[in-house]
Amino acid sequence: MGGAAAALLSAAAASLASSGADTRPAAAARDVVAFHSGRYPGSWRGYNLSALTSIVSTGDLASADGRALAAAGRAGGLGVALCKGCKLHCGNCTHDPDCPPLHDHQPWVEQLVSNATKRGTDSISLDLESNTDPAWAEQLTALTASVRSTLRRKNPRGTVSFCVGYETDHAGERVGYNVTALAGVADYLFVMAYNSNVHVPHAMQRCDLDTVRQSVDSLLGEHRVPPSKLVLGLAWFGTDFICVDGTNPSACTPCDVVDATVKDSRRVIIFRDALTLLHANASSGRCWSNETSSPFFSYYSRKDGKVHQVHYEDAESLRLKYAVAASRGLRGVGIWTADMGVPSAVEEWGNGPREMQQMWTELAAYRDAPPATLHDADPGAPKLLKHE
C-alpha cells in the first residue's frame, strides 16, 4: 500500500480511537439495524420504528416514498443510512459502473458522500461484495477509510459501515476482505450471516444457528474484531425447495432437493409469503429442525405437481440468534430486509398476523433488555473472549 493510503488508514484509526469508536445511539442498549429494499412502496409504514435504532435504505431515497421514510426515521430519532452496493469483478471481467475504481477512488467517494448528504442521510453502508482478487482487500480498506473521513468532514456524527460475508476460505482469511483492517476504519461491520448453506443437497435454513456461532466467534477470536464493531445480519426470508419425488408432504423431516446445483430447485421466499403458505397450504403444519434450530413446513404445489418444503426464520429461531449477539456483547443485530416482514395489504399495516407482530416484539426485546438478562442467553457461547 502506498504512503498516502497508509497515512489515511492511520488517521482514520486514530479518529475512531479518539472518538471512543463505539458510535451507537446512547438511548438504546444495543443497535437494531433494519435494511429497507424499497421494493414494496409504503411498506415502511408498517414498521415498528420503536424497535429500531437505524434504517439502511437500498432503495431510492430521492423518491417521494424514500423521502417520507427518511423523514419518519429522523422524526423517530433513528439514524438513516444510504446503502451503496455493487459486486466487484475480476480483472478480466466487465467493471460494474456503479462500483468504485479502487486505485483512484476519491472522486467516486466525493460523489457518494454528496448524494448521501443531499438525501438527508447521516450514514453510509458499503456493500461492495468481492470474492475474487485478495489483493483488492487493502484497496477496499483504503476506500472505506476515505468514505468515512470525507463523510465526517460534512457530518461529524456520520457513520460508515461495511457489509462482510459470514464465511472464511480454506486459508482462514475472510473472503475478499481484511476484516481486521476494515473494523479499524469503519464504525462497524455488518455480518451477512444469512447467505450460508446455499448449495446443500437437502432442504435446510440457509442461516443455521451453529454457523452463526462459528462465524461470530471467528471474527471475535481469530480476526480480533472488537464486539462493539459487529452487527449480526439475519434474514427475514427463507427458501422454498422442490423436493425429490416420493417425499411425504406430511412428514416433519427435511427433504432431499431435486438437484442442489439447479437454481430453479430453490427460490427465496419472503417471510410474509411463507406465512401465507403455512396457513393456507401446509400439509405438515409448522415443523422444527434441530439441525438448524429453525422452522419449516411442506406443501404440495399444484403449479408443478411437486412437494415443496419451505425453511425460514420466525420469532423463535431469531430469538436464538439474537442471543448469540447478546451473549458475545455485539454492537447489535440487523435484518435483511424489514419490508419482508410486514403485510402486503395497506389496511393490515401495524395489525398483521400474530407471527409478524412477534418478529417486531423480539427485536424490541433484544434492543432494550438489560445486559445482565442476556449475558448467558446462548448456551453455545464461549466462556471467555478477550480483546486486548
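(A) The arrangement of the environment of Gln358 in detail. Looking at the secondary structure, you find Gln358 in helix α9 (residues 354-368). Look at Gln358 and you get partly exposed, because its relative accessible area is 33%. Spatially, the C-alpha atoms of Gln358 and Asp314 are 8.3 Å apart, while their sequence positions differ by 44 residues.

(B) Geometry of the state of the cysteines. Under the defined criterion, the tally for this structure stands at 3 disulfides. Across the disulfide from Cys252 sits Cys287; the S-S distance is 1.9 Å. The sign of the S-S torsion, about -70 degrees, decides the handedness of the disulfide formed by Cys252 and Cys287: left-handed. Taken as a pair, Cys252 in the loop between β8 (237-242) and β9 (266-270) and Cys287 in strand β10 (residues 287-289) lie far apart in primary sequence, 35 residues in all. Cysteine Cys163 is unpaired, with the sulfur of Cys83 as its nearest cysteine sulfur at 5.5 Å.

(C) Structural view of the pairing of strand β1 (residues 31-36). Of all 6 residues in β1, 6 are buried; the element is thus mostly enclosed. Neither face of β1 is open: one carries Asp31, Val33 and Phe35, the other Val32, Ala34 and His36, and all of them are buried. Across 4 bridges, β1 lies against strand β13 (residues 332-336) in parallel orientation. Counted as the bridge partner of Ala34 is Ile335 from β13. In the sheet, β1 pairs with strand β2 (residues 54-57) via 4 bridges, with the strands oriented parallel. Among the inter-strand pairings, Val33 is bridged to a residue of β2, identified as Ser54.

The rules behind each value
Residues numbered from 1 in each chain as written. Predicted model: local features only at pLDDT ≥ 70, side-chain atom pairs only at ≥ 80, totals over all residues. Heavy atoms only, no water. Helix = DSSP H or I, 4+ residues; strand = E, 2+ residues; numbered from the N terminus. Buried < 20%, exposed > 50% of the residue type's maximum accessible area, 1.4 Å probe, protein only. Disulfide = S-S within 2.5 Å. Pairing = 2+ DSSP bridges.

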